[in-house]
Amino acid sequence: MSNYIVLVKQVPDVTQITGNAFDPETGTLKRGALPSVINKLDTDALAFADKMRQASPGKIVCLTMGPPMAKDILIYSLSRSADSAVLLTDKVLGGADTPATANPLAYAIRRIVKDMFHGDNNYMVIAGMQSVDGDTAQVPPQVAEELQIPCIAYATDVEFTSNKFRIKKIVTGGNQWVSPKTLPCVITVAGYDYPLFASFQRSRWARGHAVIHWSAGDIKPTLFGCDGSKTRVIKVFPPPKSSRKNKHVTHIHEFVSELVMSYKKGGFSSVFETGEADYLIPSKRADGTFNRNYEVTDKEVRLFNRVAQALSKLGITEVHQLNGPLVDRVQAILDEKVPKRMMMEMFEGYKITRPSYTGDIWVVAEHDDEKTNDVTAELLGKASNLAKLLDVRVGAVIAGRECKHMLNELVAAGADDVYIIENELLKDFRPGPYRKVIADVIKRYEPQIVLFGATPQGRVLAPMVAYRLGCGLTADCTRLDIKDNTRRGDIAILAQTRPALGGNVMATICTMNSKIQMATARPGVMRKIKSDTSRRGNIIHHSVALSESDIEFDIISTELGGGRTKLTIADVIVSGGKGLRNRDNFNKLASNLSSVLQKKLNCTVEIGASRAAVEQGFIDRIHQVGQTGTTVSPKLYIALGISGAIQHLIGIENAGIIVAINSDPQAPIFKHSDYYLIGTAEEIVPQIVEALKQ
Amino acid sequence: MATKEKDYRHASILIVGAGPGGLAAAITAKSINKDADIVVLEKGEALGNHTISGAVLEIAPLKRMLDKAVPDWLTLEGADHIMGREVRSDAVRFLLGKKLTINISSIIKLGKKLGLPLGEMDNHGNYVVSISKLTKFLGKVALSLGVEIYPGFCVKEILYDKTERKIYGIKLVDQGLDKEGHPQSNYLKGETITADIIILSEGSDGLVTEDFVAKTGLKREINQVFSVGVKEVIRVSKERYELFGNNRVIHTLGYPLWFPIFGPDVFGGGFAYSYGDNQITIGIIAGADWKYYNFNPQKALVDFKHHPFIYQFIEGGEVIEAGVKTIPEGGYHAVPRYEQSGNGGKIIRTVGYKNVMIIGDSAGFVNMHKIKGLHNAIESGSLAGQVSVQCLNNPDKAAEVYTHMLEQNSVIDDLKPARNFRAIIAKFGSTIGFPLSTIGKYIPKLNIERDFESMTSTMFKYDTPGKFDKATFVALAGTKHREDQPSHLSILDQHYCINKCDPLFDRACITFCPAGVYEQVGDKTLPANPSNCIHCKTCQRKCPFDNIRWTVPEGGGGPRYKQM
């Protein structure tokens, strides 16, 4: 007997984005133009819960927070397998970021347990790993953190043996079977490919079934809505125009010679401009008191410029001269009307010249016990850059069973101080003990910025740490800058820019109501600095008491793929997906193509795979490319039979040239490729191989 | 699940297909009897996804139906779309070859004055609508009245009790099978739903309708024949749209389908309508009795779009949506009926059988003079809806009462004058057929061969070179199916593909299938890409050897039209 609470979310259907969905004036996506659907990974979570229930019977309750129309996805869930459905809907809950979403959900879970499970703690919370609109993956770990229960992330399968659930989950380079030591726990599902079908009978029953509506008053959350949020979206803008060519290939021979030529030229560039950070704190700005050239939005910069000009015309040179009556005089000069309130905010803002945050810039290192991974060095590169602007130090935190041998790497990559936490219980990465020690060291030293890699590990650890410390967190940043938001009194803050809605919009987000600004950044996006082994840094040992009770799940077995792949440094990657149909086919096609490419281009070639191909057993997890696998940046990426789920696309965004072969003309990967060929890989790969041989 | 209090597997009135006709039936029935238990099943993922039409709507039946059921319907959200674009400029043009165009609107107007069938083509007072949007709107109305609508459910067959000689329900398709037909872990066996009265409103060439016709022995006096309509919505510049105008419909005859005497000769024509928001919808309708083995209506559409008269409006435009459907054109004589003796031994021929009624395109209620069927779908739907509640206590009377009502009301009157139009052209070709058809109602009933029988080894000559980009077309139709399911299309006997079709017609299905479903694999012809299918069913009507069968895939598969 167990009970199950499945978290579901209503999202815009980003698979149906057409030309109509964009505002022709601003170029931004009109969210309202898209149909609303249940988040795909949540349907997987529902099927996952249904599978668990078949082994250990109990109730399935679906829970969502959203506007009244979110009822539709609860009906969807009821018509498949849920017994009850709860809709948390209230105006005061709206506009929430992840902690302000996780908190009410956790309070609703408490009430579900009390009311519907009669206090029985033998339950599991199951959720899709992330939603397609926000794709932050933060809410489920933060729900776990609020409830103080374990979080098992990236599940792909489940078994029930000797009266216990064993959960198969993705870990870097392989799979792990784990078993929660205690219930309740949170499980996030990274993919489960047998979503349930609606039955007619259930659909009719669901239609007449009352969805339970709760308002904020019914659950009394402590953190909710705009006011409870720790981050604020400052601007939304269209993504940089993809430099992908999107060329539909019909002539194989022409294509192959063009491909070889562009490969030799070095391929095309990545979609992200990481840019060199450029900022001066107000007190250091040469050209006068009223220079505000570093606002988050260009609009504000222009506004401040105009006001500065007006002030100079009026002969105002000192901040203390700014006062209410002056507003009217400035307004008289300006050609465009600026509301009085806004002007007063500007005047107040001018008076602030000191950064809003103090402390160092930290990076939480990630490693495989032997060495730190690439994203750590990338983040240290970025941190060094930002630290220079703020005149602060760069810190790196490393935790594990034994990490001393990795300290030099961190210093060479840019760390001034390394905080090291070693403990036998940190042997394998488990969020339980890790979040405890990382949160502890952050709390002790209070840096102003903490950066994590947006890796499978970072994406579960960061949300828990941020929630624990009551700090804002922005996921998957592709650009980090120091900026001002003067009118709000924010000076020298971290502007965190990330893609959202499946990469269809970009948003710049700032932290609020927090002591520390936290962000995860996508691997392969930030730039390392040149490794300098002559650098010297301080080593600070930090210890946190850990006990067995901090370990939240048992690791039954870990299956890591044979050895290492060189996916991150390969010149060329040939990746296969579920479209290759079976293991033999996968091996044959991928290896034929790789070997001929290797000869023709005289380069290193690695074999990659989509999550689905790994799940189907075509190849080992170590080859998986994407958000739950490895983020890659080869000069040439060839995708065979991969449809292009967003998690996969994120992992290849920085590839030079992308070639996609798929029989589905609507495969999303085509929009993200330079060349695409419509047809099965069986049909096309041999033709390419032949053409390459010539 | 507490299913005890109610048998969820039974409905009093079951409607198969949530198009405008099926929804008109549901709305009418529910508005008359709010306690009636009415279920509408729809194979598309959402309402409107599988409906496509021109559409120039003759609005009277819709207004009549809605005025009665929901008097304040004009104030509802979405109603503005329906009444938003009245036809103010209407022209018929004869495109004589690639350059010459002749405006024959004055002849049509004259025809109207003289009461000739030609006059029926006049569209003043009609409205340009998107049938997808219309369907969505009617769906909302029906839901608000308490009708149960379930999208994403595909009906595989109708259930006939041989001993009782009676239809008692339907069976849904099995879901969760893999490509080879083995159950996956999420397998869901197709459920059986029983009903007292069933209304078949599947649209053109309905799978369940044909199953019903076969099982209960309905007969058509002449063969049903079809046309294939291809439609694109094109976003053009503001200037081009202004040039075209916001309340305009154009119909064309001639190029590229027909050139008098010297050929080619494919029945049909083209159209261009204002669609609002700087959009123009362009399409071509081609009789599926084309004789050219290499004919593909999409390629003909490309030629049509390049005709200077059309091109001036759409130059530089972007196609934002596209789709295909078949249109049943046999008309009055091709309506399937069940012959029985009624009161006093009088022979009556019902459009349906006992408790089952067929409406709209499923019945073949298309008026070929008007080139319209939508108004009749709504009208016949309203009638069937009314009859279904009237006959709830005596369901077996439904088809009879319904047929009587069709005859009393406008549907049959609408169809009868046009009854021979299509057959005349099929028999005599366009050049003689068009003039002859003006006296169509004085000509006796003509039988016509079925569309697949007309294929020959003659070639159609296109003017625009190159292959048509079917892949992009499929993407613009928004088609999707779960990949790992059994193919819902089957080729019965490869012998015909390999030994007959290959030498004679170069495997015509590979050419004409608008979605590129068929491919030659080795020496076989296979439905290699069933997931691209846009549910037009041209293949099962046009395969020259009648060798292809279309059935339903898992629920929710198919195109996702937004404003077709």
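What counts as what
Residues numbered from 1 in each chain as written. Chains lettered and ligands numbered in written order. Predicted model: local features only at pLDDT ≥ 70, side-chain atom pairs only at ≥ 80, totals over all residues. Buried ≥ 20, exposed ≤ 12 C-beta atoms within 10 Å, placed from the backbone. Helix = DSSP H or I, 4+ residues; strand = E, 2+ residues; numbered from the N terminus. Pairing = 2+ DSSP bridges. Right-handed = clockwise from strand over helix to strand, strands pointing away. Axes fitted to C-alpha atoms, helices over the stretch in contact; angles between N-to-C directions. Parallel < 35°, antiparallel > 145°, perpendicular 65-115°, else oblique. Left-handed = near helix turned anticlockwise from the far one by under 90°. Contact = placed C-beta atoms within 7 Å. Nonpolar A, V, L, I, M, F, W, Y, C, P; charged D, E, K, R; others polar. pLDDT = per-residue confidence, 0-100. Core = buried A, V, L, I, M, F, W, Y, C linked by C-beta atoms within 7 Å.

## Brief notes about the pairing of strand β25 (residues 572–576) of chain A
Residue and element names in this part refer to chain A. Of all the five residues making up β25, five are buried; the element is thus mostly covered by neighbouring parts of the structure. By the alternation rule, side chains of β25 split into V572, V574 and G576 and I573 and S575, which are all buried. Two elements, β25 and strand β26 (residues 605–609), share five bridges in a ladder whose sense is parallel. What sits directly across from S575, in β26, is G608. What joins β25 to β26 is helix α16 (residues 583–601), and the crossover it makes is right-handed. Of the strand pairs in this sheet, β25 and strand β27 (residues 636–640) are connected by five bridges, and their pairing is parallel. Bridge pairing in β27 places I573 opposite Y637.

## Focus: the packing of helix α1 (residues 20–32) of chain B against helix α5 (residues 131–145) of chain B
Residues and elements named next belong to chain B. Close contact between α1 and α5 brings their axes to 9 Å; oriented N to C, the two are set at 20°. Taken as axis vectors, α1 and α5 run roughly parallel relative to one another. α5 is crossed by α1, and the crossing has left-handed handedness. On the side of α1, the interface is formed by P20, L23, A24, A26, I27, K30 and S31, while α5 contributes I131, L134, T135, L138, G139, V141, A142 and L145. Among the residues making up the contact of α1 with α5, the classes are represented as 11 nonpolar, three polar and one charged.

## What about the sheet that holds strand β19 (residues 479–485) of chain A?
Residue and element names in this part refer to chain A. Overall, antiparallel pairing links the four strands, which are arranged β12-β21-β20-β19 in an open sheet. Only two strands of the sheet have a single partner each, and these edge strands are β12 (231–237) and β19. Within this sheet the neighbouring strands show an average axis-to-axis angle of 35°, counted without direction. As paired elements, strand β20 (residues 490–500) and strand β21 (residues 505–511) share five bridges and run antiparallel to each other.

## A word on the confidence of the model for chain B
Across chain B, pLDDT averages 93, with 99% of residues at or above 70. Interface confidence in the predicted complex, given as ipTM, is 0.92; pTM for the same model is 0.88.

## Overview of the nonpolar core
By size, the foremost hydrophobic cluster in this structure holds 379 residues, and its most contacted members are A:V6, A:L63, A:I126, A:I438, A:L640, B:M357 and B:Y402. Examining the composition of this core, we find that nine residues originate from one element, helix α3 (residues 98–115) of chain A, more than from any other. Setting aside anything within four residues of it in sequence, one finds A:L640 in contact with A:V574, A:S575, A:G576, A:G577, A:L580, A:L589, A:A590, A:I661, A:A681 and A:V685. With 13 residues, the next largest nonpolar core counts A:L303, A:V307, A:A310 and A:M346 among its residues.

## Here's the deal with the sheet that holds strand β16 (residues 417–422) of chain A
All names here are of chain A. Strand order in this open sheet of seven strands is β18-β22-β17-β14-β15-β16-β23, and the pairing throughout is parallel. The sheet is open, and its two borders are formed by β18 (472–477) and β23 (538–541), each paired with just one other strand. Direction aside, neighbouring strands of the sheet carry axes that sit 20° apart on average. As paired strands, strand β15 (residues 394–400) and β16 are joined by six bridges and run parallel to one another. Across the sheet, the residue bridging to G400 is E422, located in β16. Here helix α14 (residues 431–445) sits on the sheet in contact with β14 (361–364), β15, β16 and β17 (449–453), set at roughly 150° to β15.

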